[in-house]
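Coordinate analysis (summary)
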Amino acid sequence: MRFALKICICTVLIVTLLFGVAGQILIAQSFDTALRFRVQAAVADYSALASAMEAELYGIYLYYNTASPEMYAEILRRAGSNQGVESPCALYSTDSKLLTASTDEFAETLTFPELRVRRFAYRLIKDDGGRTLLDTAGCVSIGGQNYFLSVRYDADDLMRLRGEQIESVTLLHIITVAISTAAMLLLSYLTTKPLRRLQRFSTIIGNGNYSRRARVTTLDEIGDLTVAFNEMTGAIEQKVEALEQNAKQQKDFVASFSHELKTPMTSIIGYADMLRSTELDEEDAFMAANFIFTEGKRLEAMSLKLMDLIVLDKNEFKLSRGYARRALGHVVAVVTPMLEKAQLTLEYDIEQQIILYEKDLLLTLVTNLIDNARKASSPGKVVTLTGRSEGDRYRISVRDEGIGIPKEELSRITEAFFMVDKSRARAQHGAGLGLAIGNRIAALHGSSLHFESELDKGTLVWFDVPLSRLGKGDAE
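Residues numbered from 1 in each chain as written. Predicted model: local features only at pLDDT ≥ 70, side-chain atom pairs only at ≥ 80, totals over all residues. Heavy atoms only, no water.

Remarks on the confidence of the model for the protein chain
What counts here: Confidence of the prediction at every residue is given by pLDDT, a number between 0 and 100. Any two residues having at least one pair of non-hydrogen atoms within 4.5 Å are treated as being in contact.
Across the protein chain, the average pLDDT comes to 77, with 74% of residues at or above 70. Considering only residues more than four positions removed or in separate chains, one finds that residues 416-433, a stretch of pLDDT under 50, has 38 contacts.

Spelled out as structure tokens, the structure:
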């Protein structure tokens, strides 16, 4: 059952019940009021009739010095005639035995339990013809003796009035319930309209459109529910975006790791092939094997740090002190086989300073910059690696004599998956991730990648790292 219909039915039932009870109370009070006025009139008749009977009986006693049952009947007739009381009446003795009555409808014995505690009592009865009568009785004193006087009044008009009131209240009840039903149907429909709107929005959101929001149209509990619903939708959207971002980061990590793995693996394969295919002396063989071992350990450490950087979005790494020539010289050893295979010459000018850097990530960044220079250069060109101190920073730059980068694309060069020359990059197995990751590594050292490029003349890329002003004793 629809919620609006439930509200309507419950409200109509409550209105019906309350109106029914109120109608019954109103009818009962109206009937009691009319009966009370009738009883008050009966009490007045009763008092006047008792006084008249006492006067008649007093006259009879003065004249006859006694009273017979026939005399009581005459007294009752004269008193009723004198007071204008046309209703049937009867006189009973104190032991409730009938002495005389104006009609034969009275019982031989008066049964009025209320007279035991009251001097006047009344009740409604039905006669043999189905008429409603107001039966009254009271204790009167006539000639020094007590009697019970009973008078019956026609009360059919009271019952007719009560029936008419019941019909009127019933008709008004039906009209009220009908109007209430129609009004509550409309009101419940309008009240639950925001709920139906929320239902539609929940279907839209269930289909994956998390950016939609329900419009708040009321300031009541339904409006609060709409606000809470929108907040819940926003939380779901953030969770979904976080999951999508996490999935993207994992995908980026796999692509980045594959990208960063190629250059050192080229050197490892080159030295391994040298060990396998060339007979080397003991010192050269040890150096080649040591290089393979060192690069393998660096790849292991680099994979964990790239995962922290890309997947876990870690932005704080401990910077170690080390000699610039040792750090960048390791890069030279890694990239030399790759550049020789591409028929390129590597020139380097590295000023010896103690720098603060993250070893594995810095080597990855510089190696990646030289690899990008290789991809942009044709055989016979020169790639230059330079390290110079400038103030309290140490600038590391890589220059090539390659194809260059258009000026309009320099601002996007560090975006993930952006490639200047897509066909050339794919031919070189590029994914467009190296510079995006490199810029993040530079940021870890308090810097960023800076580019200076001219088409067909080459590109200069540089960044800087902090200089250490402490002694050289504990530098790596």
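Concerning the sheet that holds strand β11 (residues 450-454)
Sheet strands line up and pair through hydrogen bonds in the backbone, either parallel or antiparallel. The test is simple: By definition, two strands form a pair when at least two bridges between them are found by DSSP. Counting from the N terminus, the helices are the DSSP runs of H or I reaching at least four residues and the strands are the DSSP runs of E reaching at least two. Here an axis means a line fitted to C-alpha atoms, over the contact stretch when the element is a helix, while the angle between two N-to-C directions is reported on a 0 to 180 degree scale.
If you walk across this open sheet you meet the five strands as β7-β9-β10-β12-β11, and the pairing is mixed. A single partner strand is all that each edge strand has here, and the edge strands are β7 (345-350) and β11. Across the sheet, the axes of successive neighbouring strands diverge by a mean angle of 15°, strand direction being ignored. Looking at chain direction, β11 and strand β12 (residues 458-466) are connected through five bridges and run antiparallel. Bridging from a neighbouring strand, His 450 pairs with Trp 462 of β12. Sheet strands touched by helix α7 (residues 324-341): β7, β9 (382-390) and β10 (393-399). Its angle to β7, the strand with the most contacts, is close to 175°. Across the sheet, helix α8 (residues 359-376) lies against β9, β10 and β12, angled at about 170° from β12, the strand it touches most.

Structural notes on the nonpolar core
Quick note on the threshold: For this analysis, a nonpolar core means a set of buried residues of the types Ala, Val, Leu, Ile, Met, Phe, Trp, Tyr and Cys, connected via side-chain atoms within 4.5 Å. For every residue, the accessible area (1.4 Å probe, protein chains only) is compared with the maximum for its type, and the residue is labelled buried under 20%, exposed over 50%, or partly exposed between those bounds.
Counting 40 residues, the largest nonpolar core has Val 366, Ile 370, Leu 385, Tyr 394, Leu 449 and Phe 463 as its most contacted members. Only α7, β7, β8 (354-357), α8, β9, β10, α10 (434-444) and β12 provide two or more residues apiece to this core. Other than its neighbours up to four places away in sequence, Leu 385 contacts Leu 328, Val 332, Leu 346, Glu 347, Tyr 348, Asp 349, Ile 350, Val 366, Ile 370, Ile 396, Ser 397 and Val 398.

Here we look at unusual backbone geometry
What you tend to see is this: most non-glycine residues have negative phi, and most peptide bonds are trans. Although it is not a glycine, Ser 96 adopts a positive phi angle of roughly 65°. Mapped onto the secondary structure, Ser 96 falls in the loop between β1 (89-92) and β2 (98-101). The class for Ser 96 is buried, based on a relative accessible area of 18%. Phi at Gln 343 is positive, roughly 60°, even though this residue is not glycine. Residue position: Gln 343 is located in the loop between α7 and β7.

Digging into the packing of aromatic side chains
Ring pairs (aromatic) are described by centroid distance and by the angle formed between their planes. So the rule is basically this: Classification of ring pairs uses Phe, Tyr and Trp, with its six-membered ring standing for Trp, and accepts pairs whose centres are within 6.5 Å; under 30 degrees between planes counts as stacked, over 60 as edge-to-face, and the remaining range as tilted. In this scheme, Lys NZ or Arg CZ marks a charge over a ring once it lies within 6 Å of the ring centre and within 35 degrees of the ring normal.
For the structure on display, the rule yields zero aromatic pairs. Its end group placed over the ring of Phe 31, Arg 162 keeps NZ or CZ at 5.6 Å from the ring centre. Sitting over the face of the ring of Trp 462, Arg 395 holds its NZ or CZ atom 3.5 Å from the ring centroid.

Description of the pattern of salt bridges
Defined as follows: Basic side-chain nitrogens of Lys or Arg form a salt bridge, by our definition, when they fall within 4 Å of a carboxyl oxygen of Asp or Glu.
This structure, assessed with the given rule, holds eleven salt bridges. As a salt-bridge pair, Arg 38 and Asp 157 come within 2.6 Å of each other at their nearest N and O atoms. Of the two residues, Arg 38 sits in helix α1 (residues 3-64) while Asp 157 sits in helix α3 (residues 156-191), which places them 119 residues apart along the sequence. Overall, Arg 38 belongs to the partly exposed group, its relative accessible area being 23%. You can call Asp 157 partly exposed: its relative accessible area is 32%.

Some remarks on the side chain of Ser 397
Position of Ser 397 relative to the elements: it lies in strand β10. If near-sequence neighbours (up to four positions away) are discounted, Ser 397 is found in contact with Thr 384, Leu 385, Thr 386, Leu 460, Val 461 and Trp 462.

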